[in-house]
Amino acid sequence: MVTTLLVVVVALALIFDYTNGFHDAANSIATIVSTKVLTPFQAVVWAAAFNFLAYFIVKDHKVANTISKIVNEHFITMHVILAGLVAAITWNLTTWWFGIPSSSSHTLIGGFAGAGITNAFYMGVNGLTAINIKLILTTIAYIVLAPVIGLVIAYIVTIIILHICKRSRPSTAERWFKRLQLVSSAALSFAHGTNDAQKVMGILYVTLIASKIIVPGAAMPDWIPLACYSAIALGTMSGGWKIVKTMGSKITKITPLEGVSAETAGAVTLLLTEHFGIPVSTTHTITGSIIGVGLTKRVSAVRWGVTINLIWAWIITIPISALIAGIVFMLLRFVA
């Protein structure tokens, strides 16, 4: 039965997906804008198109399946989902306002888990029994692993490209890499869509189960992927210019060659983790990749002060989102 609460939760989920798009637009377009391959407007349209292209190609939805299992079924209610979404949107907008490229993925996971834990306490049981500890620990592990994998791949790709192109004329090489950056940026945007849109798909799936629209184990309705890929693409088209500046210039100066390396490394990492159903952060991944290309020049080429500030934002995202969600859940119980 369709209720007002169900409509509100679905709307908030898609709003979060939209904020995910403009919050994470920087991941896809920062390097291609900073190297002046595309204008900001051209870049967001390009990225949004490849965000949405994933809808037609990716059909396994492994990441969505993982997200749907973060909170154990017995503890999922509409209020748990609502509180998690409110927390995730709040943290996304806060970090966007201050130009901090935090993880939309981790704020959603933290909010969902925090609300589930709070619900378990209200039910008189250990809060940790509400969440899938293995999935949470895997997610936390990839806070470190995803950027490291991106860093290593980007470093290796950059070294290989530099070796191949060492006899090329700089002007010719730059012209070719500006063209190649269109391809690498498209690949990263496609990978971003496959990974991030699926996270909200998982939330909407459990929303329909909690509202008894579908039964556990049922096939995902076709409108969910279409709505999620559309929302994230529209969000990407809106851009997130404060974060673009941080990602495109404050970590390290990027050339077209290095942009190709960073975007390729980010795309490969995201597609690999999506294949295994691991919900990693696009933000963490591309940040690690940008650091990797910076390290090929020298360690001091990376602005470590900025990088350390970003890492602190990554560390606090899950616990703060969980705390906000817990507070929102308690307020919902009080007014309901």
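Residues numbered from 1 in each chain as written. Predicted model: local features only at pLDDT ≥ 70, side-chain atom pairs only at ≥ 80, totals over all residues. Heavy atoms only, no water.

1. Comments concerning the packing of aromatic side chains
Part 1: Inspection of every chain in the model, using the stated rule, returns 6 aromatic pairs.
Part 2: For the pair F52 and Y55, a centre-to-centre distance of 5.7 Å together with 25° between the ring planes defines the contact as stacked. Here F52 pairs with Y55, and both are found in helix 2 (residues 40–57), just 3 residues apart, close to one helical turn.
Part 3: Given the relative accessible area of 23%, F52 is considered partly exposed.
Part 4: Ring-pair connections join several aromatic residues into one group, and the members of that group are F52, Y55, F56 and Y229.
Part 5: Above the face of the W176 ring, R179 is positioned so that its terminal group lies 5.0 Å from the ring centre.
Part 6: The ring centre of Y122 lies 4.2 Å from the NZ or CZ of R333, which sits over that ring. (Phe/Tyr/Trp six-rings, centres within 6.5 Å; stacked < 30°, edge-to-face > 60°. Helix = DSSP H or I, 4+ residues; strand = E, 2+ residues; numbered from the N terminus. Buried < 20%, exposed > 50% of the residue type's maximum accessible area, 1.4 Å probe, protein only. Lys NZ or Arg CZ within 6 Å of the ring centre and 35° of its normal.)

2. Describing the packing of helix 4 (residues 78–97) against helix 5 (residues 104–122)
Part 1: The interhelical angle for the contact between helix 4 and helix 5, taken along N-to-C directions, is 145°, at an axis separation of 8 Å. The interaxial crossing formed by helix 4 with helix 5 has right-handed handedness. Together, V80, I81, A83, G84, L85, A87, A88, W91 and N92 of helix 4 and S104, T107, L108, G111, F112, A115, G116 and N119 of helix 5 make up the contact between the two elements.
Part 2: Here the contact of helix 4 with helix 5 is built from residues that sort into 10 nonpolar, 7 polar and no charged. (Axes fitted to C-alpha atoms, helices over the stretch in contact; angles between N-to-C directions. Left-handed = near helix turned anticlockwise from the far one by under 90°. Contact = heavy atoms within 4.5 Å. Nonpolar A, V, L, I, M, F, W, Y, C, P; charged D, E, K, R; others polar.)

3. What about helix 4?
Part 1: Compared with an ideal rise of 1.5 Å per residue, which puts 20 residues at 28 Å, helix 4 spans 29 Å between its outermost C-alpha atoms and is within 8% of the ideal.
Part 2: Remark: G99 follows helix 4 within two positions and exhibits a positive phi of approximately 70°. (Expected span 1.5 Å × (residues − 1).)

4. Remarks on helix 2
Part 1: Taking 1.5 Å per residue as the helical rise, helix 2 with its 18 residues ought to reach 26 Å, and the 26 Å between its terminal C-alpha atoms agrees with that figure.
Part 2: Along helix 2, the positions that sit buried rather than exposed are A43, V44, A47, A48, N51, A54 and Y55. Taken around the axis of helix 2, the buried residues stretch over an arc of 140°, which confines them to a single face. Within helix 2, the exposed residues directed more than 90 degrees away from the buried face are F41, F56 and I57. (Arc of directions from axis to C-beta.)

5. So, a nonpolar patch on the surface
Part 1: Together, V144, V148, V152, Y155, I156, I159, I160, L162 and I164 give the surface a local cluster of nonpolar side chains, amounting to about 780 Å² of exposed area.
Part 2: Mapped onto the secondary structure, I160 falls in helix 6 (residues 133–164). (Patch = residues over 30% accessible without salt bridge, like charges linked within 9 Å, V, L, I, M, F, W, Y side chains within 5 Å. Areas by Shrake-Rupley, 256 points an atom, 1.4 Å probe, with all protein chains shown as cover. Salt bridge = Lys/Arg side-chain N within 4 Å of Asp/Glu carboxyl O.)

6. Brief notes about the nonpolar core
Part 1: I70, I81, L85 and F112 are the most contacted members of the largest nonpolar core, which has 54 residues in total.
Part 2: In this structure I81 touches V9, I76, F112, I203, V206, T207 and A210, once residues within four positions along its chain are discounted.
Part 3: Judged by nonpolar contacts, the second largest core, of 15 residues, contains A154, L270, I278 and I286. (Core = buried A, V, L, I, M, F, W, Y, C linked by side-chain atoms within 4.5 Å.)

7. Observations regarding the packing of helix 7 (residues 170–210) against helix 10 (residues 256–275)
Part 1: Running from N to C, helix 7 and helix 10 cross one another at 25°; their axes reach a closest spacing of 8 Å. Taken together, the axes of helix 7 and helix 10 lie roughly parallel to each other. Remark: the crossing between helix 7 and helix 10 carries left-handed chirality.
Part 2: Counted by class, the contact of helix 7 with helix 10 contains 12 nonpolar, 11 polar and 4 charged residues. (Parallel < 35°, antiparallel > 145°, perpendicular 65-115°, else oblique.)

8. Some thoughts on the environment of L137
Part 1: Tracing the backbone through its elements, the reader meets L137 in helix 6.
Part 2: Residue L137 is classed as exposed on the basis of its relative accessible area of 53%.
Part 3: Residues L137 and V58 lie 79 residues apart in sequence; the distance between their C-alpha atoms is 26 Å.

Worth remembering: the numbers are spatial, not functional.
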